[in-house]
Amino acid sequence: MTSPVRARATKPREQDLRFAEQADSVLASRRDDLEQSESCLSLTNAEGVILRQWLGSRALAARLEHLDITPGFVVDESIIGTSSGTSLLSRRPTLVRGPEHFAAQFSALTSAGTVITHPVSRRVVGSLNLTCRFADTSRLALAWIRELAADVEAALLHRSSRAERTLIERFMRENRDTGHPVLAVSAETIVTNAAAARLLGGVDQAGIWEQAARVLTADHSTVDALTVTDGRRLRACYLPIHDDDRIVGVIVRLIRTADMGHPTSTPVPAPTLDGLVGHSAAWRSLAREVRAAGSRPMLVVGEPGSGRASIASVDLPSDAPVLDARDAAVAPEAWLARLTGLLRERPSALLMRHLDETPADLTAAVADALSSASGRTILRATATRLPGTSGRDELVAPLGAVIHVPPLAARLEDLPDLLRHLTERHSPPGTPPPRWMPDAVQALSRLDWPANLRSLETLVAQVVAMAHTGYIGARDLPAHVISAASRRTLVGLERAEATTILQALRDHQGNKKHAAAALGIARSTLYRKMRALGIDLDTRAF
């Protein structure tokens, strides 16, 4: 017999409580309808945490409490399986009747659910779920909660419209000098000018949102030191935006240290590889090695999908011939003759793929052919592993430079750059590519990427094809990606590192700036590690 599936308890965040208060006035007015239906209505946040419940039947209330379907518990699909909470993944109204539930303990119940989407940001902010006995199932339940959700969204729009207008008007005033980086930040919105967008990545934005949350709470201006992902140091000035008696957002002015008259070191630009992107330490090291190799023969080694062929093709003519060593097994003599002929051309260029899969009986002949290549020949080859590991090290000697391409797991700092690059590639011509929000980047950084860049590009193409707004958040990712991101298991050193970071955050009451100082690392490094280890950045900080 399988164990019952249990909901998981968690503490709602401050912004969730404000959302619940905004929904209260709408939902409480329907209490009479609810009592007559002998049902239970639950309001959740975007992660499936129950924030409020309205109960029309004491017997049903007792049953749901026994099943942990009460405020403070998580009831999304990743926790309790198929239920009305599935709407948070599908973003569609969902009706699950009796035995259709994944967990057997819910088979006597029917649940209907629909998401609540913020009318300004178009992000899912929560869901409504109506639960009743299976015997009382009514198809009208889904229509009723969809009507309720529309009423809640209308209330959110009424509250947000004026605040959003105030936010944008203040941003426009601050942005008169477009050469200076400036942002306007609210609970649902982050607006940047071009100068700020060039400076900030997804992790940098997460840090700014967190500091802005503290400014809203304290209601006073502050200046904070900020080190962005590429190592540049800035000053960030946070100014609260007031609308009558409430704060509706924060203006953030970014000031480069050089602009303030302080001496600053000019970052040494990393070598560039045409058509390829990255800024992480692993990427900069790879670029330096490729540039140092110049036009010498080169062997590029890396995991499948890591970009070996793209690296090997840097500075090769676009019409350079490509020869695959795996084809040699089909027609060895013809393949070897073609290799020899290509290497005799003066001048010439050649890309050999999968060198480590050269048939054993051709190894000596291939090595001789490569050794005879003229110095004017640009010779590049790729391999999954060094051919020497299989007793064919003579294939490596003629190639001189050996470049190791890091897997995507070693380049997580490059995710924002890679996502932007791939999104531009797969966006329709003439259409501005959507921007990836920090919560989506954070979710993707928790995944294993067995096919490296190849699997990342497949996902980007799928998400971009389904994008309906100018932004891609975590909730826009496919259901299987969200599920995998939430279940990443840490082992060994990763687990020890996560434990150390969490303890530092507890010691400093969640203040990431102080936690980073205690750990002896930059705050940008702490954000990167938290993202890679799956520790929630909570980018929607207020």
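Predicted, not measured: the structure shown is a model, and the values here were computed from it.

What counts, and where the lines are drawn
- Residues numbered from 1 in each chain as written.
- Predicted model: local features only at pLDDT ≥ 70, side-chain atom pairs only at ≥ 80, totals over all residues.
- Heavy atoms only, no water.
- Helix = DSSP H or I, 4+ residues; strand = E, 2+ residues; numbered from the N terminus.
- Buried < 20%, exposed > 50% of the residue type's maximum accessible area, 1.4 Å probe, protein only.
- Contact = heavy atoms within 4.5 Å.
- Areas by Shrake-Rupley, 256 points an atom, 1.4 Å probe, with all protein chains shown as cover.
- Core = buried A, V, L, I, M, F, W, Y, C linked by side-chain atoms within 4.5 Å.
- Pairing = 2+ DSSP bridges.
- Axes fitted to C-alpha atoms, helices over the stretch in contact; angles between N-to-C directions.
- Salt bridge = Lys/Arg side-chain N within 4 Å of Asp/Glu carboxyl O.
- Expected span 1.5 Å × (residues − 1).

Q: Which parts of the structure should I look at to understand the overall build of the protein chain?
A: Helix and strand counts for the protein chain come out as 19 helices and 19 strands. Split into buried and exposed, the 542 residues of the protein chain put 49% on the buried side. For the protein chain, the share of sequence-separated contacts (at least 6 apart) that also reach a separation of at least 24 residues comes to 65%. For the protein chain, the exposed surface amounts to about 25,800 Å²; the carbon and sulfur share of it is 53%.

Q: Just checking my understanding: could you explain the nonpolar core for this structure?
A: As a rule of thumb, nonpolar side chains are buried together in soluble globular proteins. Of all hydrophobic cores here, the largest spans 25 residues; its most connected members are Leu419, Trp436, Leu444, Leu456 and Leu477. Mapped onto this core, the elements with two or more residues apiece are α13 (415-426), α14 (438-445), α15 (453-466) and α16 (479-486). The element best represented in this core is α15, accounting for six residues. With residues up to four places along the chain from it excluded, the contact list for Leu419 reads Trp436, Val441, Leu444, Leu456 and Val460. Formed by 24 residues, the second largest nonpolar core is a distinct cluster that contains Val301, Ala328, Leu395 and Leu399.

Q: Can you walk me through unusual backbone geometry in this structure?
A: Generally, phi is negative for residues other than glycine and the peptide bonds are trans, each holding for most cases. One non-glycine residue with positive phi stands out, namely Asp315, at about 70°. Within the secondary structure layout, Asp315 lies in the loop between α10 (308-312) and β14 (322-324). Asp315 sits in the partly exposed class, given a relative accessible area of 46%. Non-glycine residue Asn452 carries a positive phi angle of around 55°. Its place among the elements puts Asn452 in the loop between α14 and α15.

Q: It is not clear to me how the environment of Val215 should be interpreted in this structure. Could you clarify?
A: Tracing the backbone shows Val215 in helix α8 (residues 202-218). When the C-alpha positions of Val215 and Ile247 are compared, they lie 9.7 Å apart, and in sequence the two are 32 residues distant. Not counting residues up to four positions away in its chain, the partners in contact with Val215 are His220, Thr222, Tyr238, Pro240 and Val250.

Q: Just to check I follow, could you spell out the sheet that holds strand β16 (residues 378-383) for this structure?
A: On the basis of which strands lie adjacent, the open sheet formed by five strands has the order β14-β15-β16-β13-β17 and parallel pairing. Bordering the open sheet on either side are β14 and β17 (401-404), each of which pairs with just one other strand. Neighbour to neighbour, the strand axes of the sheet diverge by 20° on average, direction disregarded. Pairing between strand β15 (residues 349-353) and β16: four bridges, direction parallel. Looking across to β16, one finds that Leu350 is bridged to Leu379. Each of β14, β15 and β16 is contacted by helix α11 (residues 332-344), which is oriented at about 150° to β15, the strand it contacts most.

Q: How should I be thinking about the pattern of salt bridges in this particular structure?
A: Side chains that carry opposite charge are capable of pairing whenever their charged atoms lie near each other. Considering all chains together, one arrives at 11 salt bridges under this definition. When the shortest N-O distance is used, the salt bridge between Arg253 and Glu174 registers 3.0 Å. Of the two residues, Arg253 sits in strand β12 (residues 246-256) while Glu174 sits in helix α6 (residues 140-174), which places them 79 residues apart along the sequence. Given the relative accessible area of 35%, Arg253 is considered partly exposed. Of the charged contacts in the structure, one is a salt bridge between Arg291 and Asp315, with a shortest N-O distance of 2.6 Å. With Arg291 in helix α9 (residues 281-293) and Asp315 in the loop between α10 and β14, this pair connects stretches of sequence that are 24 residues apart. Under the relative-accessibility criterion, Arg291 is labelled partly exposed at 31%. Residues participating in the shared-partner salt-bridge network are Arg170, Glu174 and Arg253.

Q: Got a minute to help me understand the sheet that holds strand β8 (residues 182-185) in this structure?
A: Sheet strands associate in pairs through backbone hydrogen bonding, adopting either a parallel or an antiparallel arrangement. Overall, antiparallel pairing links the five strands, which are arranged β9-β8-β12-β11-β10 in an open sheet. Strands at the two margins of the open sheet, each flanked by one partner only, are β9 (190-192) and β10 (222-227). Pairwise comparison of adjacent strand axes, ignoring direction, gives a mean angle of 25° for this sheet. The sheet contact formed by β10 and strand β11 (residues 233-243) spans six bridges and is antiparallel. The residue bridging Ala225 from the neighbouring strand is Arg235, located in β11.

Q: Can you help me understand the pairing of β15 in this one?
A: Consecutive side chains of a regular strand alternate in pointing toward one face of the sheet and then the other. The element β15 is largely enclosed, with a buried count of four among its five residues. Pairing of β14 with β15 involves three bridges; the strand directions are parallel. Paired with Val322 across the strands is Leu351, a residue of β15.

Q: Got a minute to help me understand α13 in this structure?
A: Because an α-helix packs 3.6 residues into every turn, residues spaced three or four apart end up facing the same way. When the terminal C-alpha atoms of α13 are compared, their 16 Å separation across 12 residues agrees well with the 16 Å that a helix rising 1.5 Å per residue should span. Along α13, the positions that sit buried rather than exposed are Leu415, Pro416, Asp417, Leu418, Leu419, Leu422 and Thr423.

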